[in-house]
Amino acid sequence: MSSGYHTRWVVPPEHRESEEYRAAGRRMALAEAVYARRSALGWTLAELAERAGLDEETAESIEESGVDPTLPLIERLAAAFDSAVRIDPAREPVIRFEAHAA
């Protein structure tokens, strides 16, 4: 029987370069960005879905890292959030929805 648990996961460099790993990172980055902006606005998933013209299942799937971040989807979400989008496709992808400057 194991007496401990992982406190730090180490991903070998060759795995970080795989397309599957990078695609998962992009899905996670989108999920985090959507959740953060939706939460900041105080919206429910139903409100996000309605404003973005999505069904609730799709909105939930986005936040569960189940949807690839396509440009049309990102544009749709940005319009729903009335936000600008910042994307940094560096080694660890980052996506942020930011309120338009006044």
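See the structure printed just above.
Below, the structure is looked at part by part. (Residues numbered from 1 in each chain as written. Predicted model: local features only at pLDDT ≥ 70, side-chain atom pairs only at ≥ 80, totals over all residues. Heavy atoms only, no water.)

Here's the deal with the overall build of the protein
So, point 1. When you go through the protein residue by residue, the secondary structure sums to five helices and two strands.
So, point 2. Counting from the amino terminus, helix and strand elements in the protein follow one another as α-α-α-α-α-β-β.
So, point 3. By the burial criterion, 28% of the 102 residues in the protein qualify as buried.
So, point 4. Once local pairs closer than 6 in sequence are excluded, the contacts in the protein between residues at least 24 apart make up 51%.
So, point 5. In the structure as shown, the protein presents an accessible area of about 7100 Å², 52% of it carried by carbon and sulfur atoms. (Helix = DSSP H or I, 4+ residues; strand = E, 2+ residues; numbered from the N terminus. Buried < 20%, exposed > 50% of the residue type's maximum accessible area, 1.4 Å probe, protein only. Contact = heavy atoms within 4.5 Å. Areas by Shrake-Rupley, 256 points an atom, 1.4 Å probe, with all protein chains shown as cover.)

Observations concerning the layout of surface pockets
So, point 1. Counted as a void, the largest pocket has a volume near 210 Å³.
So, point 2. In terms of lining, the largest pocket is formed by 13 residues, of which the most central are Gly 25, Met 28, Ala 29, Glu 92 and Pro 93.
So, point 3. Mapped onto the lining of the largest pocket, the elements with two or more residues apiece are helix H2 (19-41) and strand E2 (94-99).
So, point 4. Per element, the largest residue contribution to the lining of the largest pocket is eight residues, and it comes from H2. (1 Å grid on protein atoms, 1.4 Å probe; cavity = no way out; pocket = protein on both sides within 12 Å on 5 of 7 lines; lining within 4 Å. Points joined across faces, edges and corners; volume = space filled by probe spheres on them.)

Regarding the side chain of Arg 37
So, point 1. If you trace the backbone, Arg 37 turns up in helix H2.
So, point 2. Among buried charged residues, Arg 37 stands out as having no salt bridge; its nearest opposite-charge side chain is Asp 82, 7.0 Å away.
So, point 3. Arg 37 has contacts with Phe 81, Ser 83, Phe 97 and Ala 99, leaving out every residue within four places of it along the chain. (Lys, Arg positive; Asp, Glu negative; His and termini not counted. Salt bridge = Lys/Arg side-chain N within 4 Å of Asp/Glu carboxyl O.)

Quick look at the side chain of Arg 38
So, point 1. Along the chain, the position of Arg 38 falls in helix H2.
So, point 2. The class for Arg 38 is buried, based on a relative accessible area of 11%.
So, point 3. Within polar-contact distance, the side chain of Arg 38 engages the side chain of Glu 63 at 2.5 Å.
So, point 4. Beyond its immediate chain neighbours, meaning those up to four positions away, Arg 38 contacts Trp 43, Thr 44, Leu 45, Leu 48, Glu 63 and Phe 81. (Polar contact = N/O pair within 3.5 Å; in protein donor to acceptor, adjacent residues only side chain to side chain.)

What to know about the environment of Ser 61
So, point 1. Structurally, Ser 61 is set in helix H4 (residues 56-63).
So, point 2. Relative accessible area serves as the criterion here: at 24%, Ser 61 is assigned to the partly exposed category.
So, point 3. Distance in space between the C-alpha atoms of Ser 61 and Ala 31 is 8.5 Å, their sequence separation being 30 residues.
So, point 4. Other than its neighbours up to four places away in sequence, Ser 61 contacts Gly 66 and Val 67.

These values are about where atoms sit, not about what they do.
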